[in-house]
Structure formats: C-alpha cells, structure tokens
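# Tertiary structure, described
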Amino acid sequence: MFDFMDLDFNENESELAVSSALYIPEAGECMRCGQCVSGCPTFRLFQIDEETPRRRIRTISKILIEHLPVSENELTHLNNCVQCRACEISCPSQMRYGELFDQVQATLQKPVNHLGKLAFHFIENKKQRAWLMPFLKGYLKSGLQKPFQSSGIFEKLGLANAEGLLSEPTLKPLAENYPATGVSRGNVALFTGCIAESFDRKTLLAAIKLLNTNGYNVQIQKKQSCCGAIHQHNGQFASHLIENNLSVFNSLVVDAVIHVATGCGTMLSEYENEEFKLRLFDINDFLLANWSDDVRFSSSNLKVAIHEPCSQRNVLKNQKSVSALLQKIPNLTIETLTDNQICCGSGGSYMLTHPENAACLRDLKQHIIQNAHVDLVVSSNFGCVIHLNSDKTKVVHPLVLLANQLVS
Ligand code: SF4
Ligand code: SF4
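What counts, and at which threshold
Residues numbered from 1 in each chain as written. Chains lettered and ligands numbered in written order. Predicted model: local features only at pLDDT ≥ 70, side-chain atom pairs only at ≥ 80, totals over all residues. Heavy atoms only, no water. Helix = DSSP H or I, 4+ residues; strand = E, 2+ residues; numbered from the N terminus. Pairing = 2+ DSSP bridges. Contact = heavy atoms within 4.5 Å. Axes fitted to C-alpha atoms, helices over the stretch in contact; angles between N-to-C directions. Near = heavy atom within 4 Å. Nonpolar A, V, L, I, M, F, W, Y, C, P; charged D, E, K, R; others polar.

### Considerations on unusual backbone geometry
The phi torsion at R32 lies on the positive side, around 65 degrees, for a residue other than glycine. Relative to the elements of secondary structure, R32 occurs in the loop between α1 (11-18) and α2 (41-46). The residue D339 is not glycine, and still its phi comes out positive at about 55 degrees. Of note, D339 is situated in the loop between β7 (333-336) and α21 (350-353).

Written out as structure tokens, the structure reads:
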C-alpha cells in the first residue's frame, strides 16, 4: 500500500494516510525514503516538504484511493509539479509518478476557461490552425505588438508569457514526400506534432535533410494529429488524438516512425500499442544507428553545451545519442551542462500555466549556461528551446547544427 512520510506531520492527516489500505496497481510502493526529494525542481525552488514528490503522491492517494477531500493548498502544491519525472528515475520503488499525475488530473476534471478551450481546440484542429496562422503572422509583422503589450491586455487575459514566446509562423505546408539523396535505403514517416510545422520548421527541415542525406525517403502524413501530451497532462481526453495517430501511422508501409521533439516522443513512446512502438524511433537514435559512412561534416570551432530535456533524460533515456552524433563534427567542442538533471521549467504548457515558477527555473538554468561560456546550446525538445532562448542564450535543436555542418 501507499505509505507516506511528512517532514511536518499533522496528526489528523496522519490518521487519514495510515487508514488507506487501497492501492493503485500501476504504482509502486512509496517507502518514504525521500530519495526523490533533492532532484525535484519545485523543492529546489521552494525548499518545503509540500513541494516534494512524496507529498504530492500523498495528495494523489487521498484523491484516487481514499476519496478524501483535499484542500486548495494541497491542490496548489500538487499542480505546481512541472511533470519532469525526475522523481521516477531516483525512486527505488519505481513509482510511475507521471502516470499517477495524469490519472489524478483526469479525476479532478479541472474547469477550463474559454481561452483554454480555444487553445485545446486549435491544438486538435489542423485546418483551423492553418486558418489562424496568417492572422498571427500579420499581427507579428504589423508593429502592433508593443502597443498591445503596453495596454496590459495580455496580462488581463493571462497570456503575458504566451505572447512573449510567439515567433513568426511558417505558412506554407510541408510537402508529403521528400526523396532520399542518391540510392534509397528505406522509407520513414516523420511525426511533426501540432505546432512544429508552423513554429519549428527549421528543425523539421534539418531532420528531413539529415534523413534524406543518409538515404531515407521521408513521408509527412497530413492526417497525423497532436501526440495528446498537453491534453493528457491537463486532465483532458487525449484518446481521440492517440487513436488517430495509431490509425495513421500503423497503416503505413515504412521502416520507422520518427519523432523529433522529445516531449512528443515521450507521449508517443507510452501509447499502449506494440505495433506502433516497434517502429517508433527518436531521431537522434535513428540517425546514430543508421548513419552512412559516406556522409561527412565540415569542421566547426564552436563550443556547444548540451541541455538534456527532462523528457529525454527521465523517460526516453537516450541523451547520450546527442553527444555521439555531435562528435561526428570535426573540432566541435562539446560541454555537458552542470545540473543537467534539473528541469529548465518549460514543462510543456507549464511555462504558460505557471509562468513565475517557470521563469525562476529558467533563470537558474540560464545562469548555469552563461557560466559555461559556450557559443551555442542544443536541446532536443522544442519547448525547452523556446523557453531558454534569449538575447544572451542561443538555443537550437542539435539537428539544426548537424544539418548546417553537412558537406553536400
Ligand atoms: S523515492 Fe520513491 S519510494 Fe522514496 S519517497 Fe520518493 S516516491 Fe517514495
Ligand atoms: S515530476 Fe518533477 S516536479 Fe513533479 S514531483 Fe516529480 S520531480 Fe517534482
């Protein structure tokens, strides 16, 4: 059964916790060991027990198992979780915290305001996103940003942080097929996600170029949908998105389905469908395993730091592939950032829902980056790239650097 340890144990709460004889079969047992505490980014920020994984697990137990009321305060601390899943890899009981967190979000059924509903709608609906993008592009080019920002309207709408993250979208859709350069070695499908085609085109084009150069034809399936991560982590139904992707990708005759952003890759890797998972690859792993000896890079004098997204480090666990790929570039200096295991605060939609916490974690990460004195930072997750990019910190997906250095 779940069992909990509190630093400031409350008598009444203790009775409730101990009275729980229920168990979530998918979860391991919490032994109260506390090994998850120091790696938790919110504990680092607040230094209180309420902001630890084991305390959140206790709140989850109250909701899911004991069906007890929880206070607003407990919910606030629960929802402060960045969902980095660092607690999973430090837990000797292998608690599946991410799964528990999603279960509790689905149970709580948090009310979503009009803006939230609109955001979910646009994430789900590709045609309507395509309709919105020219307006967004027009707004960003119009010079209206400054007057709107100073009017305070974005703060009132709760969009201050979202507005600052906007970059000019690419409007032209990707083609459906990108043939291999030279002799074909196989066919792959690229998972492009919900917004990367508009907002992270350079990474997708870099992925296509690297795959083509290594002899792979690349297909872009127009009917694919968002991976569902933002929905699922916010208590919304994601099953229609998952079912659509399974139907689209499982019907293809391809050697691999390749994801480019580790945040999406994490969600895709946890779809409960063996047929899909058998052909699913992270782009870094796929390129490393299938690199053609004929493909070469030009030399680079850059000093580059690798930022390890939590989704890569704690779930996909393939961060070494990035470094191994970059080592193919002659003379490139590669640094691993200090405290790479601590989340940068991006956390999918967390940077929008918890802008203050996200900004504090970003500041800590940027401080480390600046002390590393590098020319460039690479990160395999789009969310981390946009969250960390600043005037002082240039961050790109490692594929962009790799594609730039290809010798054609
Ligand atoms: S590391 Fe695992 S077992 Fe230990 S307190 Fe944290 S959740 Fe519980
Ligand atoms: S997922 Fe991350 S932020 Fe949430 S409790 Fe675990 S370590 Fe802390």
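Moving on, there is more to tell.
### Thoughts on the sheet that holds β7
A sheet is described by the order of its strands in space; here four strands give the open sequence β7-β6-β8-β9, paired in parallel fashion. Here the strands that pair on one side only, and so sit at the sheet edges, are β7 and β9 (395-396). Direction of pairing for strand β6 (residues 303-307) relative to strand β8 (residues 376-379): parallel, over a ladder of four bridges. Along β8, the bridge assignment pairs H307 with S379. The sheet strands contacting helix α20 (residues 319-326) are β6, β7 and β8, and the helix crosses β6 at an angle near 165 degrees.

### Considerations on the site of ligand 2
In the region of ligand 2, the neighbouring residues are C40, P41, P53, R56, C81, V82, Q83, C84, R85, C87 and Y97. Looking at side-chain class alone, the shell around ligand 2 contains eight nonpolar, one polar and two charged residues.

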